[in-house]
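# An overview of the molecular structure
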Amino acid sequence: MLLDLSEEHKEHLAFLPQVDSAVVAEFGRIAVEFLRRGSNPKVYEGAARKLSVSSDTVQHGVEGLIYLLTESSKLMISELDFQDSVFVLGFSEELNKLLLQLYLDNRKEIRTILSELAPDLPSYHNLEWRLDVQLASRSLRQQIKPAVTIKLHLNQNGDHNTKVLQTDPATLLHLVQQLEQALEEMKTNHCRRVVRNIKILKSSFSWC
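First, a word on what this report is: a plain description of the structure on this page.

Cut-offs used in this document
- Residues numbered from 1 in each chain as written.
- Predicted model: local features only at pLDDT ≥ 70, side-chain atom pairs only at ≥ 80, totals over all residues.
- Heavy atoms only, no water.
- Helix = DSSP H or I, 4+ residues; strand = E, 2+ residues; numbered from the N terminus.
- Buried < 20%, exposed > 50% of the residue type's maximum accessible area, 1.4 Å probe, protein only.
- Areas by Shrake-Rupley, 256 points an atom, 1.4 Å probe, with all protein chains shown as cover.
- Core = buried A, V, L, I, M, F, W, Y, C linked by side-chain atoms within 4.5 Å.
- Contact = heavy atoms within 4.5 Å.
- Pairing = 2+ DSSP bridges.
- Axes fitted to C-alpha atoms, helices over the stretch in contact; angles between N-to-C directions.
- Expected span 1.5 Å × (residues − 1).
- Polar contact = N/O pair within 3.5 Å; in protein donor to acceptor, adjacent residues only side chain to side chain.

Attention now goes to the overall build of the protein. What the protein contains, in helices and strands, is 8 helices and 3 strands. Order of helices (α) and strands (β) in the protein, N terminus to C terminus: α-α-α-α-α-α-β-β-β-α-α. Of all 208 residues assigned to the protein, the portion counted as buried reaches 32%. Accessible area for the protein stands at about 13600 Å²; split by element, carbon and sulfur atoms hold 53% of it.

As a further point, take the nonpolar core. With 37 residues, the main nonpolar core has Leu16, Phe27, Val62, Phe82 and Leu99 as its most contacted residues. Filtering out sequence-adjacent residues up to four positions away, Leu99 remains in contact with Leu16, Val24, Leu65, Leu68, Phe82, Val86 and Phe91.

Across the sheet, which stays open at both edges, the 3 strands sit in the order S1-S2-S3 with antiparallel pairing between neighbours. The outermost strands of the open sheet, each flanked by one partner alone, are strand S1 (123–134) and strand S3 (159–167). This sheet shows a mean twist of 15° between the axes of neighbouring strands, independent of strand direction. Helix-sheet contacts for helix H7 (residues 169–185) involve strand S2 (145–156) and S3, and the interaxial angle to S2 is about 50°.

It is worth spelling out unusual backbone geometry at this point. Both trends apply: most residues other than glycine have a negative phi, and most peptide bonds are in trans. A positive phi is found at Ser52, a non-glycine position, where the angle reads about 60°. For Ser52, the position within the fold is in the loop between helix H3 (41–51) and helix H4 (55–75). Non-glycine residue Met76 carries a positive phi angle of around 50°. With respect to the helices, strands and loops of the structure, Met76 is situated in the loop between H4 and helix H5 (79–87).

Our next topic: helix H2 (residues 21–37). End to end, H2 covers 24 Å across 17 residues, agreeing with the expected 24 Å (1.5 Å per residue, within 8%). What H2 keeps buried is the set Val23, Val24, Phe27, Gly28, Ile30, Ala31, Val32, Glu33, Phe34 and Leu35. For H2, the side-chain oxygen to backbone nitrogen distance between the N-cap and Ala22 is 3.2 Å, and the N-cap itself is Asp20. Directly after H2, the chain includes Gly38, whose backbone phi takes a positive value near 95°.

Don't take any of this as a statement about function, it's just geometry.
Dropping the structure here:
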């Protein structure tokens, strides 16, 4: 099984050939450390000053390594598949061997870290909805009072449960608008960077 690296990940990893092997090894150590304890902007800034590059460049390089190592560890790909996956990056043989060694040395610990980070969250299974309209009541003979009832089916740890929610159409429309706004916000560069880091964790849930 080969890794499916996006153009963005390839672009971030393209920084690695510009530094020597000791720096790449240090980036690998930082990547694993960040998985353990979370990222630290000061580390990016310090490394950026030493390399005379922007902190964003360093951050992207480390994030690229994090994705490469976590995806490989999650799938437990073989040495040959790992080499074939990074071959498309056009790196030197020395750099490819270094990346392979980083993977082999850290994959067991990375899998352990990811399993500890995986939250126990319910997942979507199905949705039912009904529109009710109250046309009159004892106090008001003529009125229109719509309500949307939603029955949400969820799965969690092999168990099935349901949640029943009710709201008016105006509130539901507002919720839809907020979700659409959030989707638009996710197209920004900042959110794409955040989502990429979240994806690293979420992608491990299937085997945790």
